[in-house]
Amino acid sequence: MNGPWRQWLQLAVASIGLAGSMVMTEAILARHVLRVDLTPDRAYTLAQHSRQVLENLRHDVRVVAFLRADDPRNREIEDLLWRLRAVSSRVSYSVVDINRNPMAARQFGVNADGALVVESDGRRKVFSNPSEPLVIAAILQITRSDKKRVYAVTGHGERSPLDSDRQHGMSTARAALVGEFYDVQPLSLLAGDRVPADASVVILAGPRADLLPAELLTLADYLARGGALLVMLDPQQAPNLVAFLRTYHVAVGDDVIVDPENRLFAGDLLTMTIPGLSPRQPVSAALKAPPLFAQARSVEFVADTEGRFGGVSVLESSAASWRSGDPEVLRTGTTTYVDGRDVRGPVPVAVSVMIRSTARDVPPGRLVVVGDSDFANNFFIEYLGNKDLLANAVNWLAHEEELVGVRPQQQEPGVNQFFVSARQGRAAFWLGTVMQPAVFLVVGLVVFLRRRFTG
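Residues numbered from 1 in each chain as written. Predicted model: local features only at pLDDT ≥ 70, side-chain atom pairs only at ≥ 80, totals over all residues. Heavy atoms only, no water.

Counting secondary structure elements, the protein contains 12 helices and 19 strands. Scored against the burial criterion, the 455 residues of the protein give a buried share of 44%. Taking the intrachain contacts of the protein between residues at least 6 apart in sequence as the baseline, contacts between residues at least 24 apart amount to 72%. Of the roughly 23800 Å² of accessible surface on the protein, a fraction of 55% belongs to carbon and sulfur atoms. (Helix = DSSP H or I, 4+ residues; strand = E, 2+ residues; numbered from the N terminus. Buried < 20%, exposed > 50% of the residue type's maximum accessible area, 1.4 Å probe, protein only. Contact = heavy atoms within 4.5 Å. Areas by Shrake-Rupley, 256 points an atom, 1.4 Å probe, with all protein chains shown as cover.)

With that settled, consider the sheet that holds strand 10 (residues 256-258). Strand order in the open sheet formed by 3 strands is 10-16-17, with antiparallel pairing between adjacent strands. Two strands lie at the open edges of the sheet, namely strand 10 and strand 17 (343-344), each paired on one side alone. Bridge count for strand 16 (residues 322-324) against strand 17 is 2 bridges, and the pairing is antiparallel. The residue of strand 17 that forms the bridge with tryptophan 322 is arginine 344. (Pairing = 2+ DSSP bridges.)

What follows deals with the sheet that holds strand 5 (residues 148-154). As summarised here, the arrangement of the 8 strands in space is 6-5-7-8-19-18-15-12, forming an open sheet in which the pairing is mixed. Of all the strands in the sheet, the pair left with one neighbour each is strand 6 (182-188) and strand 12 (276-277). As paired strands, strand 5 and strand 6 are joined by 7 bridges and run parallel to one another. Bridge assignment links alanine 152 to a residue of strand 6, and that residue is proline 186. This element, helix 11 (residues 386-397), spans strand 5, strand 6, strand 7 (199-205), strand 8 (228-232), strand 15 (309-316), strand 18 (348-355) and strand 19 (365-370) of the sheet and lies at about 155° to strand 8. (Axes fitted to C-alpha atoms, helices over the stretch in contact; angles between N-to-C directions.)

With that settled, the discussion passes to a nonpolar patch on the surface. Together, Leu441, Leu445, Leu449 and Phe453 give the surface a local cluster of nonpolar side chains, amounting to about 440 Å² of exposed area. You can see phenylalanine 453 is positioned in helix 12 (residues 422-454). (Patch = residues over 30% accessible without salt bridge, like charges linked within 9 Å, V, L, I, M, F, W, Y side chains within 5 Å. Salt bridge = Lys/Arg side-chain N within 4 Å of Asp/Glu carboxyl O.)

The next subject is the packing of aromatic side chains. A complete count under the given rule lists 7 aromatic pairs for this structure. Measuring from ring centre to ring centre gives 5.2 Å for phenylalanine 244 and tyrosine 248, while their planes differ by 65°; the resulting arrangement is edge-to-face. Assessed through its relative accessible area of 8%, tyrosine 248 is described here as buried. For the ring pair phenylalanine 293 and phenylalanine 375, a centre distance of 5.3 Å and an interplane angle of 25° mean the geometry is stacked. (Phe/Tyr/Trp six-rings, centres within 6.5 Å; stacked < 30°, edge-to-face > 60°.)

What follows concerns unusual backbone geometry. Proline 346 follows glycine 345 through a cis peptide bond whose omega is 5°. Secondary-structure assignment places proline 346 in the loop between strand 17 and strand 18. One non-glycine residue with positive phi stands out, namely aspartate 121, at about 50°. Secondary-structure assignment places aspartate 121 in the loop between strand 3 (115-120) and strand 4 (123-128). Notably, alanine 238 is not glycine yet its phi reads approximately 50°, a positive angle. One can find alanine 238 in the loop between strand 8 and helix 8 (239-246). The buried category is assigned to alanine 238, whose relative accessible area is 3%.

Any two side chains of opposite charge can pair, on the condition that their charged atoms come close. As enumerated under the stated definition, the model contains 17 salt bridges in all. As a salt-bridge pair, arginine 149 and aspartate 183 come within 2.7 Å of each other at their nearest N and O atoms. You can see arginine 149 sitting in strand 5 and its partner aspartate 183 sitting in strand 6, a full 34 residues away along the chain. What makes arginine 149 partly exposed here is its relative accessible area of 28%.

Bringing the side chain of asparagine 74 into the picture now. If you trace the backbone, asparagine 74 turns up in helix 3 (residues 74-87). Looking at asparagine 74, the relative accessible area reads 11%, which means it is buried. At 2.6 Å, the side chain of asparagine 74 and the backbone oxygen of arginine 68 are in polar contact. With sequence-adjacent residues up to four places away left out, asparagine 74 is seen in contact with Leu67, Arg68 and Ala69. (Polar contact = N/O pair within 3.5 Å; in protein donor to acceptor, adjacent residues only side chain to side chain.)

As structure tokens, this is what we get:
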């Protein structure tokens, strides 16, 4: 075949091939979307915790978004739903224009635009102003078979999950646990009763007064039955509790951690970040930011030769820190390292322990001890890795390892949070205040002398 017919045939074949290539490319992109999030805080990427919840779904989840056509939030809401579906094939979503379909809104009990309905197996959750944490919390509530109960011990001046006080309360921490489908309730051990059988985790958060021997026996009985206990203990508090923890090979020091390098720049000496995150423990291995502690004490696991207790260090202070035996450091807020009295770091400040039972068919008890309780109060809980540390510890204790991870930040880094350590502050001072002007001075002198001697 010669002449124009051959050219037309070649053009037809090439056109068909091009069209086929475009169709295949579109099909591949429809199933495998390539998306790169270049925002500094990864605002368009789901948090690790959210991805883990979605990847572990065992039931299909349907999300219906009721939006108004002119609502500026629509783009963000639809993008969030697209990200959810991209992670898990069990998630499906649809968007309903509330102006065009008011009957559908009334059918679902929706009376406001920007509302989401999340359904699974006949269970439904309706809420407005959707965000990633709210959607994930709703998915957990409708897909988990039962709500696990967390008890917070009261009666000794502990931090209460019902207290909204900025410095001493833990109501924000309670809200974070409720969002992960935990029921948080107070618990008094003074009556001598056993810890309730439905307790998944018991929290003892910074007792100011010591526990009675009968209360410690109640906790020991609970751990022997395979219970899970989270203890947050501040310096110079609860010596009876310290002795109780020693029976589980946890040594809580009568000291205070000092770290001049990792304390907040221009801040007090005893508020510091804890950079040593153990990769051996899921609680700390999942953290992306170090927690922020204030007035911490040392907590370490003492090796058990009999093999009944298995302990792992969770957090350690930096190598520049030390444990101070100065009893006045908490009152004065100042101290210096003294040989023979103080011990150089890194210093362990949190441990986890698996307690193997001597009885048959009893699961191992779980214990986490942290040498600070300030990190979980309403003032500190949203900073750096504090909320993740608390929630991860509770999830690990409750045998919910699939929920251990990093949650979306409620405070935008660089705007609501700006942390500079003493080391970083000194570096910024020397670079910005000394080095940069010195460079300009030297360059100016060189130019001046060159012009003077060459002119």
